[in-house]
Amino acid sequence: MTLYPPEAAARHRAAGYWTGELLDEMVRRHAAATPDRIAVTDRERQWSYAELDARADRLAAGMAARGLRRGDRVVLQLPNVAEFFEVFFGALRAGVVPVMALPAHRRAEIAYFCAFAEARALFVPDRHEGFDHRELAAEVRAAVPQLLEVFVVGDPGPFAPLAELRSPEGALPPERPDSGDLAFLQLSGGSTGLPKLIPRCHDDYLYSVRASAGICELTPDSVYLCALPAAHNFPLSSPGTLGTFFAGGRVVLAPDPSPATALALIARERVTLTGVVPPLALAWAAAAEAAGDGGPDLSSLELLQVGGAKLSEGAARRLGPALGCRLQQVFGMAEGLVNYTRPEDDEHTVLTTQGRPISPDDEVRVVDDHDRDLPDGTPGHLLTRGPYTVRGYWRAPEHNARAFTADGFYRTGDIVRRTATGHLVVEGRAKDQINRGGEKVAAEEVENVLLAHPAVHDVSVVAVPDEFLGERSCAYVILRPDAERPRPVELKAFVRAAGLAGFKVPDRVEFVDAFPSTGIGKVSKKDLRATAN
Ligand code: OOB
């Protein structure tokens with residue numbers, strides 16, 4: 001399977017962006033050069049590079065011994081535990097393709113990923129944040145017949161423990177994956193009824209990781225706190241955990257992102273950088289301000305990266321002083337393009353823009369509704385193409401025809417303006433999505449669920465402003481004429497019972513008689529949003 005047009009791939013290789021190296025080789029390299037250096041810290045555990053490397057080998061061998069073949073898919077739903085990287089690197093080494101599910105996903109999402117990706121195995125924790133993932137796995141197994149095995153980190157219950165997959169003397173699969181192969185499937189924030197899978201290969205992903213590590217000046221002394229879910233593209237690659245491994249640094253896994261946990265870990269582990277979404281950054285800043293001089297010692301922290309949702313200038317101003325570090329804005333997407341403010345940028349740029357692209361060969365177009373290029377300073381649709389932006393979603397030709405231009409530009413759905421220095425400012429969004437403090441909710445996915453409720457005639461889910469999260473979701477519901485009005489909590493429970501992740505449950509439900517419409521008879525979500533308050 002070729003993920004990029006051959007001439008584009010040849011160009012990215014000739015430019016030195018694509019090196020032919022595989023993503024797991026970074027672990028091998030440091031295991032050989034500095035075997036005893038710590039790669040991962042997880043609660044009381046420390047794994048050296050040698051240990052992480054050996055574990056990845058054993059897991060790859062175990063996957064091969066269980067009959068998992070190059071190109072086979074598995075669904076990875078692990079929280080921030082060291083085993084996340086054991087399974088991730090082990091799978092890559094075996095040529096097995098993980099689907100990067102989030103811990104918050106529930107039955108509907110996990111069953112869909114398993115079925116759509118034809119996954120052969122599912123990796124889950126026993127319990128996480130009070131939720132039993134073995135029960136979820138049992139439901140998914142019942143619903144998806146071709147899912148062969150479930151492996152559990154922790155108490156396995158009726159399933160196999162991860163340890164069973166570790167093969168002490170098994171051989172690695174003879175054939176190494178190719179750097180242009182599909183390495184893993186990342187998840188799209190989505191704007192359609194079903195989540196889309198993003199095919200990332202070793203070449204494109206490693207380039208974004210390596211270049212990000214350079215821009216963020218990572219060294220073997222870097223200590224990265226992974227506070228967001230490890231599977232998400234931001235903490236995974238921008239430069240995140242993989243960038244830290246690439247540089248030979250140390251990754252500290254936060255079991256939860258609360259200020260109490262995170263600030264204590266920064267102090268105890270002498271963390272030098274971390275990446276968070278705006279509401280978290282503000283919660284940490286508030287906690288640090290409240291604690292004052294008596295709080296945790298944050299003096300090791302050099303860089304706070306904030307991305308995933310728009311950071312207001314006012315919030316941006318507050319963060320550096322509160323946490324005693326430099327701020328970097330990150331505007332990225334799992335489909336590829338990532339923008340960073342740079343160490344050399346002036347303060348105004350860091351506070352008011354979302355950065356500029358990683359690569360000199362990232363092509364950025366800002367266009368009007370008819371794909372005509374707009375001058376700098378004018379907001380428009382952001383289209384992009386480049387050495388690490390995918391050319392299509394996995395197995396989604398119809399959607400791809402809309403989400404990509406004929407010449408391969410990804411339609412990001414973001415409305416941006418470009419400054420004279422090439423920095424981008426995010427002005428809004430054209431896609432039908434709610435950005436709930438960095439967690440993306442596709443309106444249509446939630447609408448489809450609510451439409452199945454017997455009392456619901458029509459529904460429209462939109463973003464409403466929220467002081468803390470930036471946006472929350474509101475479901476506007478038109479009831480069937482004969483229906484009794486359900487309580488909002490019942491409709492929320494209905495979405496939850498359908499097996500959707502908690503962050504997709506509408507924060508608010510409002511009943512209306514009709515929706516405002518656009519000139520051509522479609523629901524005007526813009527006008528609907530304006531009625532919220
Ligand atoms: C990151 O990735 P995704 O795939 O969860 O979401 C991408 C979308 C963007 O298209 C944009 O709508 C929004 O999230 N976004 C931002 C933003 N960063 C992302 N909107 C405003 N300001 C920002 N700084 O969210 C992601 C991936 C890699 C690095 C960082 C974030």
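In the nomenclature of an unreviewed UniProt entry, the chain is known as 2,3-dihydroxybenzoate-AMP ligase of Kitasatospora phosalacinea. Listed in UniProt under the heading Sequence similarities (unreviewed entry), the comment for the chain reads: "Belongs to the ATP-dependent AMP-binding enzyme family." Taken directly from UniProt, the Pathway (unreviewed entry) text for the chain runs: "Siderophore biosynthesis."

Caption draft 1: Region of interest: the domain arrangement of the chain. The domain boundaries assigned to the chain delineate domain 1 (22-178) and domain 2 (437-532). When each unit is reduced to the centre of its C-alpha atoms, the spacing between domain 1 and domain 2 is 36 Å. Taken together, the six residues of domain 1 in the interface contact nine residues of domain 2. Among the residues domain 1 hides against domain 2, the three largest losses belong to Ala104, Arg107 and Glu109. Together they make up 61% of the total. Linking domain 1 with domain 2 are one salt bridge. In this structure, glutamate 109 and lysine 504 form a salt bridge, with 2.7 Å as the shortest nitrogen-oxygen distance. Between domain 1 and domain 2 we count six residue pairs in polar contact (both at pLDDT 80 or more) in total. Partitioned by chemical class, the residues of the side of domain 1 that touches domain 2 number two nonpolar, one polar and three charged.

Caption draft 2: Looking closely at the sheet that holds strand S18 (residues 356-357). Taken in spatial order, the nine strands line up as S2-S1-S13-S12-S14-S15-S16-S17-S18 in an open sheet, and their pairing is mixed. Both outer strands of the open sheet, strand S2 (45-48) and S18, are each paired with one neighbouring strand and no more. When strand S1 (residues 38-42) meets S2, the two strands line up antiparallel, connected through four bridges. The residue bridging threonine 41 from the neighbouring strand is glutamine 46, located in S2.

Caption draft 3: A look at the site of the ligand. In the vicinity of the ligand, 19 residues are found, and the nearest of them are His232, Val330, Asp414, Lys431 and Lys440. With respect to the ligand, the backbone of alanine 334 contributes an N or O atom lying 3.0 Å from an oxygen atom. At 2.9 Å, a side-chain N or O of lysine 440 approaches an oxygen atom of the ligand. Taking 590 Å² as the accessible area of the ligand by itself, protein coverage stands at 96%. Of all the secondary-structure elements, those providing two or more residues to the shell around the ligand are helix H8 (233-237) and strand S16 (326-333). At four residues, the largest contribution of residues to the shell around the ligand is made by S16. Counted by class, the shell around the ligand contains seven nonpolar, eight polar and four charged residues.

Caption draft 4: Expanded view of the side chain of aspartate 345. If you trace the backbone, aspartate 345 turns up in the loop between strand S17 (336-340) and helix H13 (347-352). This buried residue, aspartate 345, is left without a salt bridge; arginine 356 holds the nearest opposite charge, at 4.7 Å. From its side chain, aspartate 345 meets the backbone nitrogen of arginine 342 in a polar contact 2.7 Å long.

Caption draft 5: Structural context of unusual backbone geometry. Following serine 238, the chain continues to proline 239 via a peptide bond in cis, the omega torsion being -20 degrees. A positive phi angle is found at arginine 270, which is not glycine, with a value near 55 degrees. Locating arginine 270 in the fold gives a position in the loop between helix H10 (259-269) and strand S14 (273-276). A relative accessible area of 38% means that arginine 270 is categorised as partly exposed. The backbone phi angle of arginine 395 is positive, close to 55 degrees, even though this residue is not glycine. Along the chain, arginine 395 falls in the loop between strand S20 (380-385) and helix H14 (397-403).

Caption draft 6: Region of interest: the packing of helix H7 (residues 202-215) against helix H9 (residues 240-247). Taken N-terminus to C-terminus, the directions of H7 and H9 make an angle of 70 degrees; their axes are 9 Å apart at the nearest point. Taken as axis vectors, H7 and H9 run roughly perpendicular relative to one another. Across from Tyr205, Leu206, Val209, Arg210 and Ala213 in H7, the residues of H9 making contact are Leu242, Gly243 and Phe246. In terms of residue class, the contact of H7 with H9 is made up of six nonpolar, one polar and one charged.

Caption draft 7: Structural detail: the nonpolar core. By size, the foremost hydrophobic cluster in this structure holds 147 residues, and its most contacted members are Met63, Phe84, Phe123, Leu225, Leu242, Phe245 and Trp284. At eight residues, helix H4 (residues 83-94) tops the list of elements feeding residues into this core. In terms of nonpolar packing, the next biggest core, distinct from the first, is built from 20 residues, Val441, Val446, Val449 and Leu491 among them.

Cut-off values and rules
- Residues numbered from 1 in each chain as written.
- Predicted model: local features only at pLDDT ≥ 70, side-chain atom pairs only at ≥ 80, totals over all residues.
- Heavy atoms only, no water.
- UniProt positions renumbered as here; feature names shortened; annotations may be inferred.
- Domains from an automatic or database assignment.
- Contact = heavy atoms within 4.5 Å.
- Buried area = accessible area lost by both parts, 1.4 Å probe.
- Salt bridge = Lys/Arg side-chain N within 4 Å of Asp/Glu carboxyl O.
- Polar contact = N/O pair within 3.5 Å; in protein donor to acceptor, adjacent residues only side chain to side chain.
- Nonpolar A, V, L, I, M, F, W, Y, C, P; charged D, E, K, R; others polar.
- Pairing = 2+ DSSP bridges.
- Helix = DSSP H or I, 4+ residues; strand = E, 2+ residues; numbered from the N terminus.
- Near = heavy atom within 4 Å.
- Areas by Shrake-Rupley, 256 points an atom, 1.4 Å probe, with all protein chains shown as cover.
- Buried < 20%, exposed > 50% of the residue type's maximum accessible area, 1.4 Å probe, protein only.
- Lys, Arg positive; Asp, Glu negative; His and termini not counted.
- Axes fitted to C-alpha atoms, helices over the stretch in contact; angles between N-to-C directions.
- Parallel < 35°, antiparallel > 145°, perpendicular 65-115°, else oblique.
- Core = buried A, V, L, I, M, F, W, Y, C linked by side-chain atoms within 4.5 Å.

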